[in-house]
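# Coordinates in review
In case you want the letters, here they are:
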Amino acid sequence: MGPFTEPGFAAGCTWHEFGEGEQPPWWLTFADPLCVEYSKRDITIDDGGALRFLVAEPSRFAVAMVTCHYYQKDHWSVQSTHGATPWVAWDGQYWWDKAARRAGARLTNFRIDGHTVGIGDAVTALEPDFPDVARALSDYGQAAGETGLTVSLPYDLRCAWAG
């Protein structure tokens, strides 16, 4: 395990950008590397944003899981209504290179109620109402600090053969 680094294939990425609740087309399953950027800033209670997010996520996972080289950037914001100050917001970067047996994750720009915070502050704020989310974030923070991490992956025969 080490600090977050960009994947070796990042320079060759063709980025596919998707808006709120937008599902990627099925043919992206064949893209390798697959590099996507998702806007997840309208996760709201009153205007259907949370529902659109939940409906889109399975197809987003489906196109990602089969590729050997994947890089995702996303921008999260959870609030009561569109345009309200977010309860919590952050930006994320996640990638894997199954052929090289490496993966990385970085979460940045944490904000709670519009105020910039560190991971520890976010854990404290989420703990009373969302203990599972707080625990996952705490585990990430302990492993990654504020900068992210890069880890080893198990061997994937299909991706090793594909290169």
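Let us look at the structure shown here. (Residues numbered from 1 in each chain as written. Predicted model: local features only at pLDDT ≥ 70, side-chain atom pairs only at ≥ 80, totals over all residues. Heavy atoms only, no water.)

On to helix α1 (residues 49-65), then. Here α1 contains 17 residues, and its C-alpha end-to-end distance of 24 Å stays within 8% of the 24 Å for a straight helix at 1.5 Å per residue. Most pronounced at A56, the bend in α1 amounts to some 30°, and the proline P58 follows within four residues. Of the positions making up α1, those classed as buried are G49, F53, A56, E57, S59, R60, V63 and A64. Elements in contact with the buried residues of α1: β3 (34-44), β4 (69-79) and β5 (88-97). (Helix = DSSP H or I, 4+ residues; strand = E, 2+ residues; numbered from the N terminus. Expected span 1.5 Å × (residues − 1). Bend = angle between axes of the 7 residues up to and from the residue. Buried < 20%, exposed > 50% of the residue type's maximum accessible area, 1.4 Å probe, protein only. Contact = heavy atoms within 4.5 Å.)

Where helix α2 (residues 119-126) is concerned, the buried positions are I119, A122, V123 and L126. For α2, the angular spread of the buried residues around the axis is 100°, confining them to a single face. (Arc of directions from axis to C-beta.)

Moving on: the pattern of salt bridges. Going through the model one piece at a time under the given rule, you end up with 7 salt bridges. Across the salt bridge formed by K40 and E57, the nearest N and O atoms sit 3.4 Å from each other. Placement of the pair is K40 in strand β3 and E57 in helix α1, with a sequence separation of 17 residues. Here K40 falls in the buried class, since its relative accessible area comes to 3%. For E57, a relative accessible area of 12% gives the class buried. A salt bridge links E57 to R60, with the nearest nitrogen and oxygen atoms 3.1 Å apart. Pair noted here: E57 and R60 are both in helix α1, with a separation of 3 residues, about one helical turn. (Salt bridge = Lys/Arg side-chain N within 4 Å of Asp/Glu carboxyl O.)

On to the nonpolar core, then. Grouped together as the largest cluster of nonpolar side chains are 15 residues, with contacts concentrated most on W90, F110, A122 and L137. Those elements that provide at least two residues to this core are β5, β6 (102-112), α2 and α3 (131-144). Counting residues per element, this core draws most heavily on α2, which supplies 4 residues. Contacts of F110, omitting those with residues within four sequence positions, involve A89, W90, H115, T116, V117, I119, A122 and L137. Counting 11 residues, the second largest nonpolar core, distinct from the first, contains F18, A31, L34 and Y70. (Core = buried A, V, L, I, M, F, W, Y, C linked by side-chain atoms within 4.5 Å.)

The space that makes up the largest pocket amounts to roughly 640 Å³. Lining the largest pocket we find 23 residues, and of these V78, V88, W90, L126 and V133 sit closest to its centre. Every element with two or more residues in the lining of the largest pocket is listed here: α1, β4, β5, β6, α2 and α3. Considered class by class, the residues forming the lining of the largest pocket number 22 nonpolar, no polar and 1 charged. Volume-wise, the second largest pocket comes out at about 320 Å³. Looking at the lining of the second largest pocket, the elements that each hand over two or more residues are β3, α1, β4, β5, β6 and β8 (149-152). In terms of residue count, α1 provides more of the lining of the second largest pocket than any other element does, 6 residues in total. Residue classes in the lining of the second largest pocket are distributed as 14 nonpolar, 2 polar and 4 charged. (1 Å grid on protein atoms, 1.4 Å probe; cavity = no way out; pocket = protein on both sides within 12 Å on 5 of 7 lines; lining within 4 Å. Points joined across faces, edges and corners; volume = space filled by probe spheres on them. Nonpolar A, V, L, I, M, F, W, Y, C, P; charged D, E, K, R; others polar.)

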